[in-house]
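So you can see what is in the structure, the chains are spelled out below.
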Amino acid sequence: MSLHFISDLGDQAVILPVLVVVGLVLLLAGWWRAAAAWFFVVPGTLGVVLFAKLSTMACQGLLPPIGLLSPSGHASASAVVYGGALALLLGGGRFRFGVAVASGLAAGTLVGYTRLALEVHTLADVLVGDLLGTMGVVVLIWLTGPRPRPRLRHGWISASAAVLAVVVLFHGRHVYAEMHIKRASQEIWPLTLCSRL
């Protein structure tokens, strides 16, 4: 399996449809609290990453020289979406926060490694992205209640199949969000944030 293949799993063209499908599966399963948490936490985490990207790109000269150029959106999105879905699927009982951290870190690290190997991001970018996404998974699990019995006929197997179908359908497509974020950081963000630092 190539680095590009794994890296593309974290592209917004795949992540956003998976986000919607997982949320719909949670609704169909009757896990209302988890669905509400999912639709709040995952976009919220992506928003935090966007803010971090804009800030680090715009304020590059004001940051300490640790190699942080732009937190990896692929790593953070993979951590919160794939790690979050896995944590909801597996996490139960008293180990749910451990499962949340392990799921988020595993998904974010896998995709983050490819971003590092493809020389798209620095190590600091990948680590910060993975950390932000994993924090999102922990918040997600904290906000969800106990998992009810699924109302779907085949339960979580159907849910996994739906997510896999979406990944296959959208894999290989690209949003190129980084280009638009970089432009926004150069044209808009410095006027609102960096000029005040």
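Residues numbered from 1 in each chain as written. Predicted model: local features only at pLDDT ≥ 70, side-chain atom pairs only at ≥ 80, totals over all residues. Heavy atoms only, no water.

Student: Honestly, the environment of Leu 127 in this entry has me stumped. Any pointers?
Tutor: Relative to the helices and strands, Leu 127 resides in helix 6 (residues 123-143). Residue classification places Leu 127 among the exposed residues on the basis of a relative accessible area of 52%. (Helix = DSSP H or I, 4+ residues; strand = E, 2+ residues; numbered from the N terminus. Buried < 20%, exposed > 50% of the residue type's maximum accessible area, 1.4 Å probe, protein only.)

Student: Would you take a moment to explain the side chain of Asp 130 for this structure?
Tutor: Take Asp 130: it is sitting in helix 6. One buried charged side chain, Asp 130, makes no salt bridge at all; its nearest oppositely charged neighbour is Arg 115, positioned 13 Å away. Those residues in contact with Asp 130 that sit more than four places away from it in its chain are Ala 75, Ser 76, Ala 79, Gly 104, Leu 105, Gly 108 and Thr 109. (Lys, Arg positive; Asp, Glu negative; His and termini not counted. Salt bridge = Lys/Arg side-chain N within 4 Å of Asp/Glu carboxyl O. Contact = heavy atoms within 4.5 Å.)

Student: Looking at this model, I keep getting lost on helix 4 (residues 73-90). Mind explaining?
Tutor: Since the α-helix turns once every 3.6 residues, residues separated by three or four places project in the same direction. The terminal C-alpha atoms of helix 4, which comprises 18 residues, lie 24 Å apart, in line with the 26 Å expected from a rise of 1.5 Å per residue. Along its length, helix 4 shows its largest kink, about 25°, at Gly 83. Burial of helix 4 is extensive: 13 of the 18 residues sit out of reach of the surface. Sitting at the amino-terminal end of helix 4 is Ser 72, which places a side-chain oxygen 3.1 Å from the backbone nitrogen of Ala 75. (Expected span 1.5 Å × (residues − 1). Bend = angle between axes of the 7 residues up to and from the residue. Polar contact = N/O pair within 3.5 Å; in protein donor to acceptor, adjacent residues only side chain to side chain.)

Student: I keep staring at the nonpolar core and nothing clicks. Help me out?
Tutor: The tendency in soluble globular proteins is for nonpolar side chains to be buried as a group. The biggest cluster of nonpolar side chains holds 23 residues, and the ones touching the most others in it are Leu 26, Trp 38, Val 42, Val 81 and Leu 88. Among the elements of the structure, helix 2 (12-28), helix 3 (32-58), helix 4 and helix 6 are those that each provide at least two residues to this core. Among the elements that take part in this core, helix 3 stands out by supplying 7 residues, more than any other. (Core = buried A, V, L, I, M, F, W, Y, C linked by side-chain atoms within 4.5 Å.)

Student: What's the story with the packing of helix 3 against helix 6 in this structure? I'm lost.
Tutor: For any two helices packed against each other, the geometry comes down to the angle between their axes and how far apart the axes lie. Running from amino to carboxyl end, helix 3 crosses helix 6 at an angle of 160°, the nearest separation of the two axes being 9 Å. Classified by the angle between their axes, helix 3 and helix 6 sit roughly antiparallel to one another. Note that helix 3 runs across helix 6; the crossing there is right-handed. Facing helix 3, whose interface residues are Arg 33, Ala 37, Trp 38, Phe 40, Val 41, Thr 45, Val 48, Val 49 and Ala 52, helix 6 presents Leu 132, Gly 133, Gly 136, Val 139, Leu 140, Trp 142 and Leu 143. Of the residues belonging to the contact of helix 3 with helix 6, the class tally is 12 nonpolar, 3 polar and 1 charged. (Axes fitted to C-alpha atoms, helices over the stretch in contact; angles between N-to-C directions. Parallel < 35°, antiparallel > 145°, perpendicular 65-115°, else oblique. Left-handed = near helix turned anticlockwise from the far one by under 90°. Nonpolar A, V, L, I, M, F, W, Y, C, P; charged D, E, K, R; others polar.)

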